[in-house]
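Coordinate analysis (summary)
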Amino acid sequence: GPKVLQIPSHQIIDMGQMVTLNCDPVSNHLYFYWYKQILGQQMEFLVNFYNGKVMEKSKLFKDQFSVERPDGSYFTLKIQPTALEDSAVYFCASSPGQTSAETLYFGSGTRLTVL
Amino acid sequence: SQWGEENLQALSIQEGEDVTMNCSYKTYTTVVQWYRQKSGKGPALIILIRSNEREKRSGRLRATLDTSSQSSSLSITGTLATDTAVYFCATDSGYNKLTFGKGTVLLVSP
């Protein structure tokens, strides 16, 4: 089936550094998402993105977070600067339409460790 | 989270048994989606049930939805070892934001 690719699968950085998580969504999808999952816990919505704009973001989407998808390339999540509590697995997802009618396709996640 | 909450539980069963997982939510949703997440992977949608449906079947899966009690269930018949995973329900208010429940850990032993 359709695949969402996330690069890298693991990232270890020092607190205060910048990190960019990359996502290659399904090619004809229009909606893009980032979710955060701390080990053993539920997936938490961070942000959704459509037509070049953030549509909605949660309280977890701090000012240090930003997303973009320049010219149809990777959909990225940037954290600058990182904090210890940013350690988690970050999942990218995409959907062809709105989630009330459509499936979300998730990548395998990027495990971010902030030291 | 107010939405998509389910009782966190871990179920350990033998292959061939049937299992049912429950999910309750607190706010309006147009759809309940059930996802399966295997170790080291992202969640994958396994069944979706809309607010105007009471039951949905797909192979060995059966989902139910009771909008009056704001609850949904997922049943798997004739489980296989490959069904071992974490199962999440997710609700959607229509604002294109899925809220996931805490998940049910299912371990199916051969």
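Anyway, here's the lowdown on the structure attached to this text. Counting starts from 1 at the beginning of each chain's written sequence and moves along it residue by residue. Each chain takes a letter, starting from A, and each ligand takes a number, starting from 1, following the order in which they are written. Local features in this predicted model are restricted to residues of pLDDT 70 or higher, and side-chain atom pairs are both shown and tallied only at a pLDDT of 80 or more, whereas totals for entire chains, interfaces and linings draw on every residue. Side-chain figures throughout are based on the complete set of non-hydrogen atoms in the structure, without hydrogens or water.

All names here are of chain A. Note on pairing: two strands pair once DSSP finds at least 2 bridges between them. Helix numbering and strand numbering both begin at the N terminus, where a helix is a DSSP run of H or I of at least 4 residues and a strand a DSSP run of E of at least 2. Within the open sheet, the four strands sit side by side as β1-β3-β8-β7. Their pairing is antiparallel. Across the chains shown, the open sheet's two edge strands, defined by having one partner strand only, are β1 (5–7) and β7 (65–68). Strand-to-strand twist of the sheet, defined as the mean angle between neighbouring strand axes without regard to direction, takes the value 20 degrees. To obtain each axis, a line is fitted to C-alpha atoms, and for helices this fit is confined to the stretch in contact; angles are then taken between N-to-C directions over 0 to 180 degrees.

With that settled, the discussion passes to the state of the cysteines. Two cysteine sulfurs form what is called a disulfide whenever their separation falls within 2.5 Å. Taken as a whole and judged by the stated rule, the model has two disulfides over all chains. The disulfide partner of Cys23 of chain A is Cys92 of chain A, and the S-S distance across this bridge is 1.9 Å. Judged by the sign of its S-S torsion, about -65 degrees, the bond between Cys23 of chain A and Cys92 of chain A is left-handed. Of the two residues, Cys23 of chain A sits in strand β3 (residues 19–24) while Cys92 of chain A sits in strand β9 (residues 88–95), which places them 69 residues apart along the sequence. One disulfide bridge connects Cys23 of chain B with Cys89 of chain B, the sulfur atoms lying 1.9 Å from each other. As the torsion about the S-S bond is roughly 60 degrees, the Cys23 of chain B-Cys89 of chain B disulfide counts as right-handed. Of this pair, Cys23 of chain B sits in strand β2 (residues 19–24) while Cys89 of chain B sits in strand β8 (residues 85–92), and the two are 66 residues apart along the sequence.

To continue, consider the interface of chain B and chain A. The contact criterion used throughout is that any non-hydrogen atoms of two residues lie within 4.5 Å. Facing 22 residues of chain B, the contacting portion of chain A comprises 22 residues. Buried area is calculated as the accessible area (1.4 Å probe) missing from two parts once they are joined, with the contributions of both summed. At the boundary of chain B with chain A, total buried surface from both sides reaches about 1700 Å², with 46% on carbon and sulfur atoms. Area buried by chain B at its contact with chain A is led by Asn96, Lys97 and Phe100 of chain B, which between them contribute 33% of it. For this document, the term salt bridge refers to a Lys or Arg side-chain nitrogen within 4 Å of an Asp or Glu carboxyl oxygen. At the surface where chain B touches chain A, the tally comes to one salt bridge. In this structure, the salt-bridge partner of Glu56 of chain A is Lys97 of chain B, at a minimum N-O distance of 3.5 Å. Here a polar contact means two N or O atoms within 3.5 Å. Within protein one must be a hydrogen donor candidate and the other an acceptor candidate, and residues neighboring in sequence count only if both atoms are side-chain atoms. At the surface where chain B touches chain A, the tally comes to four residue pairs in polar contact (both at pLDDT 80 or more). At four residues, the largest contribution of residues to the side of chain B that touches chain A is made by strand β3 (residues 31–37) of chain B.

All names here are of chain B. The strand order β2-β7-β6-β5 describes an open sheet built from four strands, whose pairing is antiparallel. Each having just a single partner strand, β2 and β5 (55–58) make up the two edges of the open sheet. Averaged over all pairs of adjacent strands, the angle between their axes in this sheet comes to 15 degrees, without regard to strand direction. Of the strand pairs in this sheet, strand β6 (residues 61–66) and strand β7 (residues 71–76) are connected by six bridges, and their pairing is antiparallel. Among the inter-strand pairings, Leu65 is bridged to a residue of β7, identified as Ser72.

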